[in-house]
Each structure stands twice: as structure tokens, then as C-alpha cells.
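What follows is the residue order along each chain.
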Amino acid sequence: MREKLILTGRIVFAIAIAGVGFQQFYDADFHPMILPPLHEWIPFKAFWAYVTGIAFFVFAGCVVFQKKGRTASLILGGVLLAIFCLYYIPYEIIVDPYYKHLGSWGNAEKELALAGGVFVIAGSFAIQGEKVHNKFSWLRTLEKLISLGGIFFSITMISFGVDHLLYTEGISTLVPSWIPGKIFWTYFAAVALIGSGISIVFKIWVKIIATLLGTMIFLWFIFLHIPRAVEMPFAETGNEVTSAFSALAFSGIAFVIAGCHSKTKSIIS
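The structure displayed is predicted, hence computed values, not measured ones.

Rules used in this analysis
- Residues numbered from 1 in each chain as written.
- Predicted model: local features only at pLDDT ≥ 70, side-chain atom pairs only at ≥ 80, totals over all residues.
- Heavy atoms only, no water.
- Salt bridge = Lys/Arg side-chain N within 4 Å of Asp/Glu carboxyl O.
- Helix = DSSP H or I, 4+ residues; strand = E, 2+ residues; numbered from the N terminus.
- Buried < 20%, exposed > 50% of the residue type's maximum accessible area, 1.4 Å probe, protein only.
- Contact = heavy atoms within 4.5 Å.
- Polar contact = N/O pair within 3.5 Å; in protein donor to acceptor, adjacent residues only side chain to side chain.
- Phe/Tyr/Trp six-rings, centres within 6.5 Å; stacked < 30°, edge-to-face > 60°.
- Lys NZ or Arg CZ within 6 Å of the ring centre and 35° of its normal.
- Axes fitted to C-alpha atoms, helices over the stretch in contact; angles between N-to-C directions.
- Parallel < 35°, antiparallel > 145°, perpendicular 65-115°, else oblique.
- Left-handed = near helix turned anticlockwise from the far one by under 90°.

Quick question: what am I supposed to make of the pattern of salt bridges here?
Taken as a whole, this structure holds 3 salt bridges when the rule is applied. Notably, a salt bridge pairs aspartate 29 with lysine 45, separated by 3.7 Å at the nearest N-O pair. Pair noted here: aspartate 29 is in the loop between α1 (2-27) and α2 (45-64) and lysine 45 is in helix α2, with a separation of 16 residues, a long-range link. We classify lysine 45 as buried; its relative accessible area is 19%. Across the pair glutamate 240 and arginine 228 runs a salt bridge whose closest N-O atoms are separated by 2.9 Å. Taken together, the residues span a long stretch of sequence, with glutamate 240 in helix α10 (residues 239-260) and arginine 228 in helix α9 (residues 206-231) at a distance of 12 residues. Residue class for arginine 228 comes out partly exposed when judged on its relative accessible area of 21%.

In C-alpha cells form, the structure reads like this:
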């Protein structure tokens, strides 16, 4: 069961990352989940967007085919975390006039969750028995961040749960019209996200909670994000499509966390 959860989570996450890579190619631009809106200063922006897309494809292939998956994950995780710390945080504090509002940090938090997720993926290869000998000191440094992957991911889940409480009316409009009780489901999602994040951080019933979290987010992907992405594929430079891929990625991360957790050893310990 553990192995199936890990494999499923890896594949789901890889598909999501490859999807974002395809968007980079299609739009020849960076999406806000990867870089803040203020990136017009980057020379040869389209070229670097293509390079990023290729890197995402390579990462997805490494994970799916289990070839250097741990090393590829460490590198991508380090890059995403560096962007969050060195670019997104300064952008939000210095440039974004609404930085005091938690909702304005949404894309930055997605970046943090993706970074944490990639470190979770890296740790899953270790548990599965992949033998990797890091020759570079910076890779050995990144190894130390594997244990923080679940925490980075959980910070975003908790924050998104709080968003559901702060912006209940707006978020409730995302619930499909055919589902009754929109406010109820918004509060339910808030409690589930906050509770799941706390569970992962403090290692409380992690396997079952993370499995339920992954299932819940995957259902959101099917019933909420896919219809919106199909209806508005080009709105806000493809933001709905990107949101669908991020939901798919978060679902995969949760499944890997669930699969990797055990009473004796865990990637988030």
C-alpha cells in the first residue's frame, strides 16, 4: 500500500509539473506560480521560459522513470525555494501594496508548497532504497532540507485554510453551482486544510490524514478546477489552467507524504 501511494503521488506530481512546463512553452512566459509578475526585466525572457519548461519536463521524466529522481528533486526543490526566499518574499513586501493581506501571498505560498513537495519527492526515493552518492557539497546541503519538505507544504495548506475563513464569500463562489451548501463546504475545506497541515507538522495520524487530504484535493481538481480551466483556459494568462495543475501537484504531494510515513521512519521527521 505504501509503495502504491508513493508511486501514485510521484506520477500525479510529475504530470502536474510537466503541465506547468508545457504552459511555459505555450506562452513563452513565466506564470505567477513560478515567478512574481515583476519579471519583465529578465533579458531573453522567452528563452528562459523555454529552458524552465524543459527543466520541468526533465524533472518529470526522472521522477516517473525513477532515473536520478532524488538528485533531480533536490536541484528543483533548491531552485524553487531560492525563488521563494530571494524573489517572492522581497516582491511581496516591497512591491505588492497589499502584502499585509494574506490572500495576496497565494502564488508565493504555492511556490513554497511546490518546493516542499519536491523535497518530499526526493525523500521518497531515499525510502524506496535509491542509492545516491552526492559528490557536491551543495547537494549535501539540500539533503538537509528533505525533512522540512512536509512542513513547507503544510504551511501553505494551513494558510489556504485560513484564507477560506477570511475570504469565505469569495471562495464559496468557486464551488460548482450544482453543489448545495457552498458556505458549508468552504468552511469544511478550511477546517480540513488547517487540520491536515497541523497533522503533518506534528506527525498526528499522518498516513490517514495525508491520504484524505490528497483525495480531497484530487476531487477538487476533477470537479472544480478542470471545469474552470476548460471554461476559461486563457483568462489571466492561463491562471485557471495553472491552478488546476497546482491542485494536481498538491494532491500528489499529499499521497507521497502518506506513503512515506510509518511508525519507524518518515521523510517529515
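Can you help me understand the environment of phenylalanine 25 in this one?
Secondary-structure assignment places phenylalanine 25 in helix α1. Under the relative-accessibility criterion, phenylalanine 25 is labelled partly exposed at 31%. Separated by 152 residues in the primary sequence, phenylalanine 25 and serine 177 place their C-alpha atoms 33 Å from one another. Other than its neighbours up to four places away in sequence, phenylalanine 25 contacts Tyr50, Gly53, Ile54 and Phe57.

Sorry if this is basic, but what is going on with the side chain of threonine 168 here?
By secondary structure assignment, the location of threonine 168 is in helix α7 (residues 168-172). Residue class for threonine 168 comes out buried when judged on its relative accessible area of 8%. A polar side-chain atom of threonine 168 sits 3.1 Å from the main-chain carbonyl oxygen of leucine 165.

What exactly am I supposed to notice about the packing of aromatic side chains here?
Two aromatic rings are characterised by how far apart their centres lie and by the angle between their planes. One pass over the full model with this rule turns up 12 aromatic pairs. For the pair phenylalanine 25 and phenylalanine 57, a centre-to-centre distance of 5.8 Å together with 25 degrees between the ring planes defines the contact as stacked. Separated by 32 residues along the polypeptide, phenylalanine 25 in helix α1 and phenylalanine 57 in helix α2 bring together distant segments of the chain. The class of phenylalanine 57 is partly exposed, set by a relative accessible area of 35%. A connected cluster of aromatic rings, assembled from ring pairs, spans Phe25, Tyr50 and Phe57. We note arginine 10 situated over the ring of phenylalanine 125; from NZ or CZ to the ring centre the distance is 3.7 Å.

In this structure, what is going on with the packing of helix α6 (residues 149-166) against helix α8 (residues 182-202)? I would like to understand it.
A pair of packed helices is characterised by two quantities: the angle between their axes and the separation of those axes. Direction vectors running N to C along α6 and α8 enclose 155 degrees, while the axes themselves pass 8 Å from each other. Comparing the axis directions of α6 and α8 gives the class roughly antiparallel. Viewed along their axes, α6 and α8 form a crossing whose handedness is left-handed. Of the residues in α8, those in contact with Gly150, Phe153, Ser154, Met157, Ile158, Phe160, Gly161, Val162, His164 and Leu165 of α6 are Thr186, Tyr187, Ala189, Ala190, Leu193, Ile194, Gly197, Ile198, Ile200 and Val201.

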